[in-house]
Structure formats: structure tokens, C-alpha cells
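# Geometric and topological summary
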Amino acid sequence: MNHTINFKHGRQAEEFALLRHKNPALYAMVVASADFAWREFRQWTTITSIYRPGVDSVHAWWRGVDVRIYHPSRWPDDPVAKLRREDEEGWSEEAAYEIAEWLDRWIWYDDALPEDEGHEVIVVHGVGMERHAHLQLGPWSVDT
Ligand SMILES: [Zn+2]
């Protein structure tokens with residue numbers, strides 16, 4: 001397993017192993033993004049959510065992976081608290097946008113549309129500690 005990827009819980013680790021078969025393109029995109037995040041920014045990737053059956057979202061179809069965005073309130077101004085727990089690492093907001101730009105050079109959400117007309121492969125959303133980068137691919141990426 002890629003050594004620059006952490007998981008919020010064991011469940012996400014199990015799901016990520018399944019993703020390799022359910023959606024190889026998304027799996028490869030996440031691994032490549034994690035490698036890029038480490039190489040360019042020395043930032044770990046923490047996967048917080050993958051499969052959410054029954055929801056009205058790409059997550060119900062193995063087409064979405066959430067990655068934590070670092071938020072300073074996780075580590076209050078206390079030297080002891082600043083000893084980061086590995087599973088709480090995350091991308092910076094700036095890194096997320098650069099990773100998105102890099103991905104746009106070689107993968108698209110919808111392979112039938114020019115890159116500037118389809119959905120984004122990374123959407124950064126959520127507030128505060130909930131902020132995350134949502135990595136996603138279109139229906140072409142899975143067998144249904
Ligand atoms: Zn998501």
C-alpha cells in the first residue's frame with residue numbers, strides 16, 4: 001500500500017483496497033495525487049470517506065473519494081497538541097488546487113467532453129474541520 005496515504009478509520013482502508021477493483025481509474029488517480037502531494041508539498045493524504053451506499057452522490061457508486069484538508073483548529077496553540085497524529089494529516093487548501101490543476105492535464109471527469117466543459121475531478125468543499133477535497137470520476141470509470 002502507498003506509504004503516503006492514511007485512513008480516518010479501518011473502514012476506509014478496506015474500502016480503498018476494494019476501490020482498486022471497483023474503480024481502478026479513481027484508485028490510480030488517488031494514488032497519483034497522494035504521490036504528487038508528498039513529492040511537491042511533503043503532505044500526507046488522509047482518506048476520510050469512500051463508499052456511502054444509498055446516498056444521492058458519486059460515493060454510492062464507488063466514484064468518489066474524500067481527502068482531508070488540513071485545518072489549524074485541529075492543532076490548538078499547545079505544544080503537546082501540536083504533536084500531530086499521523087491519521088490527522090491533510091492537504092493544504094493550496095496543495096489541493098495545485099493537485100487539481102495537475103490532474104486536469106491527464107484525466108477528466110467525463111471523457112466524452114472537452115476538459116473545460118465537464119465536472120471537476122476535484123471539488124474542495126465543507127467548512128472548518130469538515131473541509132475536504134472530493135475526488136471524483138464520471139460513470140465511464142465503473143462497470144454498471
Ligand atoms: Zn465526497
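Before going into details, it helps to say that this report is about the structure given with it. Bear in mind the structure is a predicted one, so any value in this text is a computation, not a measurement. (Residues numbered from 1 in each chain as written. Predicted model: local features only at pLDDT ≥ 70, side-chain atom pairs only at ≥ 80, totals over all residues.)

What follows concerns the overall build of the protein chain. Across its full length, the protein chain holds 3 helices and 5 strands. Of the regular secondary structure in the protein chain, the N- to C-terminal order runs β-α-α-β-β-α-β-β. Per-residue burial over the protein chain gives 31% buried out of 144 residues. Contacts in the protein chain between residues at least 24 apart in sequence constitute 62% of all its contacts with a sequence separation of at least 6. (Helix = DSSP H or I, 4+ residues; strand = E, 2+ residues; numbered from the N terminus. Buried ≥ 20, exposed ≤ 12 C-beta atoms within 10 Å, placed from the backbone. Contact = placed C-beta atoms within 7 Å.)

Its 13 residues give helix α1 (residues 10–22) an end-to-end C-alpha distance of 18 Å, which sits within 8% of 18 Å, the value for a rise of 1.5 Å per residue. Listed as buried for α1 are Gln12, Phe16 and Leu19. Packing partners of the buried residues in α1 comprise β1 (5–7), α2 (24–41) and β2 (45–49). (Expected span 1.5 Å × (residues − 1).)

Time to look at the pairing of strand β4 (residues 122–125). With 4 bridges joining them, β4 and strand β5 (residues 132–136) adopt antiparallel strand pairing. Bridge pairing in β5 links Ile122 to Leu135. Counting the residues between successive antiparallel strands, the hairpin from β4 to β5 contains 6 residues, one of them, Gly126, with a positive phi of roughly 95 degrees. (Pairing = 2+ DSSP bridges.)

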